[in-house]
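Given next are the chains, with one letter for each unit.
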Amino acid sequence: MATVLIRARLARARRLPAGESQPHGGFSLLELLLAMGLGLLFCGVVLQALLGEGRNAQRFSRLLRERANQDRALALIRADLQRATAVAADPERHGSVCGLAGRTAVLQLSTPEGMVTYSVGAAPSGIWQGRVLIRCGPAFGLHGQVAAGTAFQSRVVIDGLAASATPWQGCRPLLAAGDAAAAVDLNRSARLPFSACLDPGAQLVALRLEQQFTAGGGSAQRIVSEAVAGAG
């Protein structure tokens, strides 16, 4: 903008009549204010664009991190399912060795070590965000294998689960390989952020995890992962 003003003044100087001297002085106050205002406007637009890019990068980074957390949680559940000899169709009936503390039991697996329970509810302490998925089962050793003879422990598998989950409609499509029509919604978990349904005949279990978070001052974002695994 300053370049345009300079060129305009030079053009006026060239149009001066013969014998008339060029007036002394720089830009007028109005010209300086106009140039400064346009410069500030341009800087504001650039700053807003940079802030928007920063928020998008933050949201994308959070998305990748939480997606990886969901993948690890589902991998743990699949590993327990592979060791299980049966899946309980009524998780609430058997309770939990660790106690539920007001949480809802969603998935119970009969394993050689005992009954492993996955439940959803409030976080046990303030270090966790939102609702959590908790596993009550035997501890794992240094090499990721179940440590034989250890006492059952209650541990948070993943936090940040959606406070108000989207009703799950994906159970039967995931169990298409089995008898989807006979699928059992385990403890009415389709309304929970951790959902599980069972094909009793094939002992196939369809799983859904749903998290919700707000990053970068934007709107709430939901992350959903689904998986299918069989017992034994």
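Residues numbered from 1 in each chain as written. Predicted model: local features only at pLDDT ≥ 70, side-chain atom pairs only at ≥ 80, totals over all residues. Heavy atoms only, no water.

1. Structural notes on the state of the cysteines
The test is simple: Defined by distance alone, a disulfide is two cysteine sulfur atoms within 2.5 Å. In this text, helices come from DSSP runs of H or I with a minimum length of four residues, and strands from runs of E with a minimum of two, each type numbered from the N-terminal end. Relative accessibility thresholds used throughout: buried, under 20% of the residue-type maximum; exposed, over 50%; partly exposed, between the two (1.4 Å probe, protein chains only).
A complete count under the given rule lists two disulfides for this structure. Two residues share a disulfide in this structure: C98 and C136, whose sulfurs sit 2.0 Å from each other. Sign of the S-S torsion, about 80 degrees for the bond between C98 and C136, identifies this disulfide as right-handed. Of this pair, C98 sits in the loop between α3 (91-94) and β2 (104-111) while C136 is found in strand β4 (residues 131-138), placing the two residues 38 residues apart along the sequence. A relative accessible area of 28% means that C98 is categorised as partly exposed. On the basis of relative accessibility, which here comes to 3%, the residue C136 falls in the buried class. With its sulfur 1.8 Å from that of its partner, C171 forms a disulfide with C197. With the S-S bond torsion at 110 degrees, the cross-link from C171 to C197 turns out right-handed. Taken as a pair, C171 in helix α4 (residues 171-174) and C197 in strand β7 (residues 194-199) lie far apart in primary sequence, 26 residues in all. In this structure C197 comes out as buried when scored by relative accessible area, which is 1%. Cysteine pairing in the protein follows 1-2, 3-4, where each cysteine in a disulfide is numbered by its order in the sequence.

2. As for the nonpolar core
Note the cut-off: Only buried Ala, Val, Leu, Ile, Met, Phe, Trp, Tyr and Cys residues count toward a nonpolar core, and they belong to the same one when joined by side-chain atoms within 4.5 Å.
Counting 25 residues, the largest nonpolar core has I77, L107, L133, F194 and L207 as the members making the most contacts within it. Listed by contribution, the elements that provide at least two residues to this core are α2 (29-83), β2, β3 (114-122), β5 (152-161), β7, β8 (204-213) and β9 (221-230). Judged by nonpolar contacts, the second largest core, of seven residues, contains C171, L175, A183 and A206.

3. A closer look at unusual backbone geometry
The phi angle at N187 is positive, at roughly 55 degrees, despite the residue not being glycine. Mapped onto the elements, N187 comes out in the loop between β6 (184-185) and β7. If you check the backbone angles, Q203 has positive phi at about 55 degrees while not being a glycine. Locating Q203 in the fold gives a position in the loop between β7 and β8. Judged by its relative accessible area of 18%, Q203 is buried.

4. Details of the side chain of N187
We apply this condition: By the criterion applied in these results, polar contacts are pairs of N or O atoms within 3.5 Å in which, for protein atoms, one can donate a hydrogen and the other can accept it, and in which residues neighboring in sequence qualify only through two side-chain atoms. Any two residues having at least one pair of non-hydrogen atoms within 4.5 Å are treated as being in contact.
Overall, N187 belongs to the buried group, its relative accessible area being 12%. At 2.7 Å, the side chain of N187 and the backbone oxygen of A105 are in polar contact. When neighbours within four sequence positions are excluded, N187 is seen to be in contact with P91, E92, T104 and A105.

5. A closer look at the environment of A181
Note on placement: A181 falls in the loop between α4 and β6. A181 gets classed as exposed once you look at its relative accessible area, which sits at 65%. Distance in space between the C-alpha atoms of A181 and D199 is 8.6 Å, their sequence separation being 18 residues.

6. A short note on the pattern of salt bridges
For clarity, the threshold we go by: Each reported salt bridge corresponds to a side-chain nitrogen of Lys or Arg within 4 Å of a carboxyl oxygen of Asp or Glu.
Taken as a whole and assessed by the stated rule, the structure comprises five salt bridges. A salt bridge links R83 to D80; the shortest N-O distance between them is 2.7 Å. Placement of both R83 and D80 in helix α2 is noted, with a separation of three residues, approximately one turn of the helix. On the basis of relative accessible area, D80 is assigned to the buried category, the value being 0%. One salt bridge in this structure joins R208 and E210, with 3.2 Å as the shortest N-O distance. A relative accessible area of 1% places E210 in the buried class.

7. Observations regarding the side chain of S225
Examined against the element boundaries, S225 turns out to sit in strand β9. Overall, the relative accessible area of 7% leaves S225 in the buried class. A polar side-chain atom of S225 sits 3.1 Å from a polar atom in the side chain of R67. Side-chain polar atoms of S225 contact the side chain of Q70, separated by 2.4 Å. In contact with S225, not counting residues within four places along its chain, are R67, Q70, D71, L74, L207, R208 and L209.

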